[in-house]
Amino acid sequence: MKTIVLFNSKTGFTKRYAEWLGEMTGCTVMPFEKAVSLDLTPYGTVIFASWFHAGMIQKLGSFKKMNLNGKNRIVMVTGSNPPGLAETDTAIQNNFKNDGEKYKVFYLPGGLSYEKMGIGDKIMMAGFRKIIKKANGEDSDMYKRISHSYDNTSKEYLQPLVSYLNSL
Ligand SMILES: Cc1cc2nc3c(=O)[nH]c(=O)nc-3n(C[C@H](O)[C@H](O)[C@H](O)COP(=O)(O)O)c2cc1C
């Protein structure tokens, strides 16, 4: 059964995970925009890879509208948070309020890249830093974490997803 990863990535962390998954499993990897003109018949498993933006998984709505009847549907989402935070679980639940049973979801720690962010996102992050500074202080872990670019990606975070794919 063939697997395809459709990725939506702005600053590159999600794309990197999608490409690593391609190397690790031999699955097809493609930008999400190309999926509109693609015949997905050969694929039994479709993975949508995207990123958190103010709690929302970017372009998830478009992915949910795709006709994937009878296929395994997986969502892998990157974010700036380290793995294992309860707030990430809550954010995932909020993105799958009425249809959670249709999708298997995996969170992958991404990072922050101020160099590659769009201007709108830079402004949003500046506002977010201001709020965190006021609420938690300049010395808080959160403030320090979001005040600069960083990269938390690691191939090992893909292992649970690879194991799940092998179990299908
Ligand atoms: C404006 C903005 C809002 C973000 N909101 C969240 C968020 O709510 N939760 C989170 O974990 N990460 C958040 N992030 C971090 C991104 O999800 C993270 O950088 C992601 O790995 C980017 O993926 P990409 O490099 O594939 O574009 C945000 C980043 C930006 C620029």
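If you're wondering where the values come from, they're calculated on a predicted model, not measured in any experiment. (Residues numbered from 1 in each chain as written. Predicted model: local features only at pLDDT ≥ 70, side-chain atom pairs only at ≥ 80, totals over all residues. Heavy atoms only, no water.)

### Description of the packing of aromatic side chains
Here's step 1: Applying the stated criterion across every chain yields a total of 7 aromatic pairs.
Here's step 2: Look at Phe52 and Tyr107: their rings are 6.3 Å apart centre to centre, the planes differ by 40°, and that puts the pair in the tilted class. Of this pair, Phe52 sits in strand 3 (residues 43-53) while Tyr107 is found in strand 6 (residues 104-109), placing the two residues 55 residues apart along the sequence. Tyr107 matches Phe52 in its accessibility class, with the two residues each being buried.
Here's step 3: Judged by centre distance (5.7 Å) and plane angle (50°), the ring pair of Phe106 and Tyr164 falls under tilted. Of this pair, Phe106 sits in strand 6 while Tyr164 sits in helix 6 (residues 159-167), and the two are 58 residues apart along the sequence.
Here's step 4: Residue classification places Phe106 among the buried positions, given a relative accessible area of 11%.
Here's step 5: For Tyr164, a relative accessible area of 24% gives the class partly exposed.
Here's step 6: Put simply, the rings of Phe32, Phe48, Phe63, Phe96 and Tyr103 pair up and form one aromatic cluster.
Here's step 7: Taking the ring centre of Tyr164 as reference, the NZ or CZ of Lys104 above it sits at 5.2 Å. (Phe/Tyr/Trp six-rings, centres within 6.5 Å; stacked < 30°, edge-to-face > 60°. Helix = DSSP H or I, 4+ residues; strand = E, 2+ residues; numbered from the N terminus. Buried < 20%, exposed > 50% of the residue type's maximum accessible area, 1.4 Å probe, protein only. Lys NZ or Arg CZ within 6 Å of the ring centre and 35° of its normal.)

### Examining the environment of Asp39
Here's step 1: With respect to the element layout, Asp39 can be found in the loop between strand 2 (28-31) and strand 3.
Here's step 2: There is a polar contact of 2.4 Å between the side chain of Asp39 and the side chain of Thr41. (Polar contact = N/O pair within 3.5 Å; in protein donor to acceptor, adjacent residues only side chain to side chain.)

### Examining the site of the ligand
Here's step 1: Near the ligand, the surroundings consist of 22 residues, among which Ser9, Thr11, Thr14, Phe52 and Gly111 are the closest.
Here's step 2: Within the backbone of Ala54, one N or O atom sits 2.9 Å away from a nitrogen atom of the ligand.
Here's step 3: When isolated, the ligand has an accessible area of 650 Å², and the protein chains bury 91% of it.
Here's step 4: Elements with a minimum of two residues in the shell around the ligand: helix 1 (13-25), strand 3, strand 5 (72-79), strand 7 (111-112) and helix 4 (119-136). (Near = heavy atom within 4 Å. Areas by Shrake-Rupley, 256 points an atom, 1.4 Å probe, with all protein chains shown as cover.)

### As for the domain arrangement of the chain
Here's step 1: Domains assigned within the chain are domain 1 (2-113 + 151-167) and domain 2 (114-148).
Here's step 2: Just the C-alpha atoms count here: the centres of domain 1 and domain 2 sit 25 Å apart.
Here's step 3: Contacts between the two partners involve 10 residues from domain 1, matched on the other side by 11 residues from domain 2.
Here's step 4: Between domain 1 and domain 2, the buried area comes to about 870 Å², and carbon and sulfur atoms account for 56% of it.
Here's step 5: Summed over the shared surface of domain 1 and domain 2, the number is 5 residue pairs in polar contact (both at pLDDT 80 or more).
Here's step 6: In terms of residue class, the side of domain 1 that touches domain 2 is made up of 4 nonpolar, 5 polar and 1 charged. (Domains from an automatic or database assignment. Contact = heavy atoms within 4.5 Å. Buried area = accessible area lost by both parts, 1.4 Å probe. Nonpolar A, V, L, I, M, F, W, Y, C, P; charged D, E, K, R; others polar.)

### Considerations on unusual backbone geometry
Here's step 1: Even without glycine at this site, Ala54 takes up a positive phi of about 50°.
Here's step 2: Here Lys59, not a glycine, exhibits a phi torsion of approximately 65°, which is positive.

### As for the environment of Asn81
Here's step 1: Tracing the sequence through the fold places Asn81 in the loop between strand 5 and helix 3 (86-95).
Here's step 2: Distance from Asn81 to Ile146, taken between C-alpha atoms, is 9.7 Å for residues 65 residues apart in sequence.
Here's step 3: If sequence neighbours within four positions are ignored, Asn81 has contacts with Glu87, Thr88, Tyr107, Pro109 and Arg145.
Here's step 4: One polar contact links Asn81 to Glu87, side chain to side chain, over a distance of 3.4 Å.
Here's step 5: Within the structure, the side chain of Asn81 is placed 3.4 Å from the side chain of Thr88, a separation counted as a polar contact.

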